[in-house]
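The primary structure of each chain is shown beneath.
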Amino acid sequence: MSKTMPFEQPVIKLREKIDELKLFANDAEVDMSGEIEKLEVRLEQLEQSIYSNMEPWDRVQVARHPERPTTLEYIASIFDDFIELHGDRTYGDDEAIVGGIASFNGQPITVIGHQRGKTTKENIRRNFGMPHPEGYRKALRLMKQAEKFARPVICFIDTKGAYPGKAAEERGQSEAIARNLVEMAGLKVPVISIVIGEGGSGGALALGVANKILMLENSTYSVISPEGAASILWKDASLAKQAAEAMKITAPDLKSMGVIDEIISEIAGGAHKNMEKQAVIMKECITNTLALLNAMSADELVLDRYEKFKAIGQFVEPEL
């Protein structure tokens, strides 16, 4: 059974009440269809109210849901003929980032993304989706290969951040991320990045210098986690809920500020409720976005990316 979030409790209780009523009606052979229908209408209204008015902290919880679909799950549902490629040709293979060649609506593409696990064993294997520098170098190798063969690049962002350990720093974590930022900015092929879960710090941005940044409705994208921000600002990680509200890390906030380009609507309650249906919605968004970028020349793509990031963070002072 899927793990429920605290804010979903009213929905769960009403659904349980409906199930109990149905069971009672069957056992007692009593016609209670009218009462059940009224409760189901009420349930639909309650779901609409709760899921359409989620607070930032609610979205953080959904983005972290242990059953939230991962990069490899979306790749299997959205793309055809995926061939995974490994290694950075310098140190080794980092399983916190996956990537390779696939077909999308008949067009060859390169797909890359952060990969976390769903079990403790898999999370340990994939370092909880926190890449080492060789992961970012693998991603860059695949991007440059895509540029060489004129393949669009599609990235899935889903990480708490790059791994901050001693070994990662010794192997050049900061340089690897910085190199990705520079090289992605100049890629002469379409680049689309999609935030599918948590997008944290430079570890997320290293796959995020794109022509178009899309974001699932209940994902987050920020420079630091709410707990980290609360610890720095107020010396109290328990104030993460307040930090999440202040940081503007949700898709609606980021869209209003021009940081992302499009919000991909989610299944009510989160993508984990129906991954197959969510993949269909995502595929349609990718199709439309790629069609726009495919019509642009190499120089236009680079200029478009430059203008996009140059505009982020601008503001206009009010007239006195």
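Up top is the structure.
What you see is a predicted model, and the numbers here were worked out from it, not measured in a lab. (Residues numbered from 1 in each chain as written. Predicted model: local features only at pLDDT ≥ 70, side-chain atom pairs only at ≥ 80, totals over all residues. Heavy atoms only, no water.)

**What to know about the packing of helix 10 (residues 226-234) against helix 11 (residues 240-247)**
At a minimum axis distance of 8 Å, the contact between helix 10 and helix 11 shows a crossing angle of 100°. Regarding the angle of helix 10 to helix 11, the classification is roughly perpendicular. Across from Pro226, Glu227, Ala229, Ala230 and Trp234 in helix 10, the residues of helix 11 making contact are Ala240, Gln242, Ala243, Ala244 and Met247. Of the residues assigned to the contact of helix 10 with helix 11, the class counts are eight nonpolar, one polar and one charged. (Axes fitted to C-alpha atoms, helices over the stretch in contact; angles between N-to-C directions. Helix = DSSP H or I, 4+ residues; strand = E, 2+ residues; numbered from the N terminus. Parallel < 35°, antiparallel > 145°, perpendicular 65-115°, else oblique. Contact = heavy atoms within 4.5 Å. Nonpolar A, V, L, I, M, F, W, Y, C, P; charged D, E, K, R; others polar.)

**What to know about the packing of aromatic side chains**
Summed over the entire model, instances satisfying the criterion amount to three aromatic pairs. Between the aromatic rings of Phe79 and Phe104, the centroid separation amounts to 5.5 Å while the plane-to-plane angle is 55°, which identifies the pairing as tilted. With Phe79 in the loop between helix 4 (71-78) and strand 1 (80-84) and Phe104 in strand 2 (residues 97-104), this pair connects stretches of sequence that are 25 residues apart. One exposure class covers both Phe79 and Phe104, and it is buried. Pairing Phe79 with Phe156 gives two aromatic rings, centres 6.3 Å apart and planes at 75°, and the pair type is edge-to-face. Of this pair, Phe79 sits in the loop between helix 4 and strand 1 while Phe156 sits in strand 4 (residues 153-159), placing them 77 residues apart in sequence. This pair shows no difference in class: Phe79 is buried, exactly as Phe156 is. Three or more aromatic residues joined by ring pairs make a cluster, and in this case those are Tyr74, Phe79, Phe104 and Phe156. The ring of Tyr91 is capped by Arg171, whose NZ or CZ atom sits 4.2 Å from the centre of that ring. Looking at Lys308, its charged tip hangs above the ring of Phe309, at a distance of 5.8 Å from the centre. (Phe/Tyr/Trp six-rings, centres within 6.5 Å; stacked < 30°, edge-to-face > 60°. Buried < 20%, exposed > 50% of the residue type's maximum accessible area, 1.4 Å probe, protein only. Lys NZ or Arg CZ within 6 Å of the ring centre and 35° of its normal.)

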